[in-house]
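Listed here are the chains, written in short residue letters.
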Amino acid sequence: MNSKIQRRDFIKITSAAGVALLANEGDARASEPAAPSPLPVVISSANGMKATAKAMEILKAGGKPLDAVIAGVNIVEEDPSDTSVGYGGLPNEEGEVELDASVMDGLTCRCGAVGALKSIKTPSKVARLVMERTDHIFLVGEGALRFALLTGFKKEDLLTDESRKKWLEWKSKLSATDNWLSEESEGTAFGEVIKHYGTINCLAVDPNGNIAGTTTTSGLSWKIPGRVGDSPIIGAGLYVDNEIGAAGSTGRGEANIKVCGAHTVVELMRQGKTPEQACIETLERVVKTTKEKRLLGADGRPNFNLNFYAVTKKGEYGGAALYPSRFCVNTGAESKLVDSAPLFNRPPR
Ligand code: ASP
């Protein structure tokens, strides 16, 4: 999901989260109780309108939730116009597209992941095969590519004209004095040059309450080759527990990894929190663990966005983000975009 911050002139206010840390007027607290939803249900990041519709079609036809979410995100992975996922995703600093993905199946309690995978359009499918055909969970880099080729995937050029142009534009702005990071860095590494985040997370619950999820991404644009974000990390970018529910994340992976976000959200739901409350509480931990000056705006708040999405076994769903954002829901009819609960009601500054 492209992490564009959207302005909203309204905000849901509630005392549910009750956290003193964010006491400034107008900031959000976890809002209304989780919307009860008849099963099946599919949710995703905001770039998943087609993905959630496809996943729902599969669930309605009696398909498994894991098949449903993977088929859903494959549409986005193969779509060259989404520059944050799969084919057409923005490349690393050397102009090579490196993809991360994870899958997790509640029914079998199994999971698989790939990191820094080159040349394969659909890393979620490779992650599934890691889960199904190996005794491992996470393959990265050259090993992940070799595994993919051995299991029948074809090497393809993942760079499109558009993503190549954007990379060249970024490269043309570099100077000999740029560094990845320095004490003075503000906003992002490489000073004012903007880096792009983007990912799809998709979670599904079938009519029997069985749950699966996947998260797939090209990760942070212009990253150092080999950089792996939160998306393929089980417990950070994705977590599924068939007894409770599932959660996933998009946005600044480095911030999410530090709080093991998706696992934290599921554990909070286990304690009785609604999906939205659980997402909000996890974001509060992100705020507390973001101390680097270069990651804070003048108002002392994180200068990046981070989204969590969550669903329970019963089909209650919710989402929250540091700043106003939306996510996709499909409860059997058309996919729709709904507002995430924002922790802060205005863009970072
Ligand atoms: N979380 C992803 C990463 O850090 C990027 C994103 O979701 O925007 O790699």
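Preceding this section is the structure that the text describes.
Reading the values: the criteria
- Residues numbered from 1 in each chain as written.
- Predicted model: local features only at pLDDT ≥ 70, side-chain atom pairs only at ≥ 80, totals over all residues.
- Heavy atoms only, no water.
- Helix = DSSP H or I, 4+ residues; strand = E, 2+ residues; numbered from the N terminus.
- Contact = heavy atoms within 4.5 Å.
- Areas by Shrake-Rupley, 256 points an atom, 1.4 Å probe, with all protein chains shown as cover.
- Pairing = 2+ DSSP bridges.
- Axes fitted to C-alpha atoms, helices over the stretch in contact; angles between N-to-C directions.

**A few points about the overall build of the chain**
Okay, step 1: Along the backbone of the chain there are eight helices and 13 strands.
Okay, step 2: Expressed as a percentage of contacts within the chain between residues at least 6 apart in sequence, the contacts between residues at least 24 apart total 65%.
Okay, step 3: A total accessible area of about 14500 Å² is found for the chain, and carbon and sulfur atoms account for 52% of it.

**Focus: the environment of Leu 268**
Okay, step 1: As for its placement among the helices and strands, Leu 268 is situated in helix H7 (residues 261-270).
Okay, step 2: Spatially, the C-alpha atoms of Leu 268 and Ile 244 are 9.9 Å apart, while their sequence positions differ by 24 residues.
Okay, step 3: Leave out the neighbours within four places in its chain, and Leu 268 touches Lys 273, Ala 278, Glu 281, Thr 282 and Arg 285.

**Observations regarding the sheet that holds strand S2 (residues 99-105)**
Okay, step 1: Strand order in the open sheet made by the eight strands is S4-S3-S2-S6-S5-S1-S11-S12, with mixed pairing throughout. Looking at which strands have only one partner, the edges of the open sheet turn out to be strand S4 (138-140) and strand S12 (336-339). Recorded for the sheet is a direction-independent mean angle of 15 degrees between the axes of neighbouring strands.
Okay, step 2: Pairing analysis gives six bridges linking S2 to strand S3 (residues 110-117), with the strands arranged antiparallel. Considered in S3, the bridge of Asp 105 is made with Arg 110.
Okay, step 3: Packed on one face of the sheet, helix H1 (residues 49-60) meets strand S1 (41-45), strand S5 (200-205), strand S11 (326-330) and S12 and runs near 160 degrees to S1.
Okay, step 4: Across the face of the sheet, helix H2 (residues 65-77) comes into contact with S2, S5 and strand S6 (211-217) while running at roughly 20 degrees to S6.

**Details of the sheet that holds strand S13 (residues 341-342)**
Okay, step 1: Pairing in this open sheet of five strands is mixed, and the strands run S7-S8-S9-S10-S13 from one edge to the other. Strands with a single pairing partner mark the edges of an open sheet, and in this sheet they are strand S7 (238-241) and S13.
Okay, step 2: Both strand S9 (residues 306-312) and strand S10 (residues 317-321) contribute to a ladder of five bridges, which runs antiparallel. Looking at the pairing, Val 311 lines up with Tyr 317 of S10.
Okay, step 3: Against the sheet, H7 makes contact with S7, strand S8 (245-251) and S9, and its axis sits at roughly 145 degrees relative to S8, the strand it touches most.

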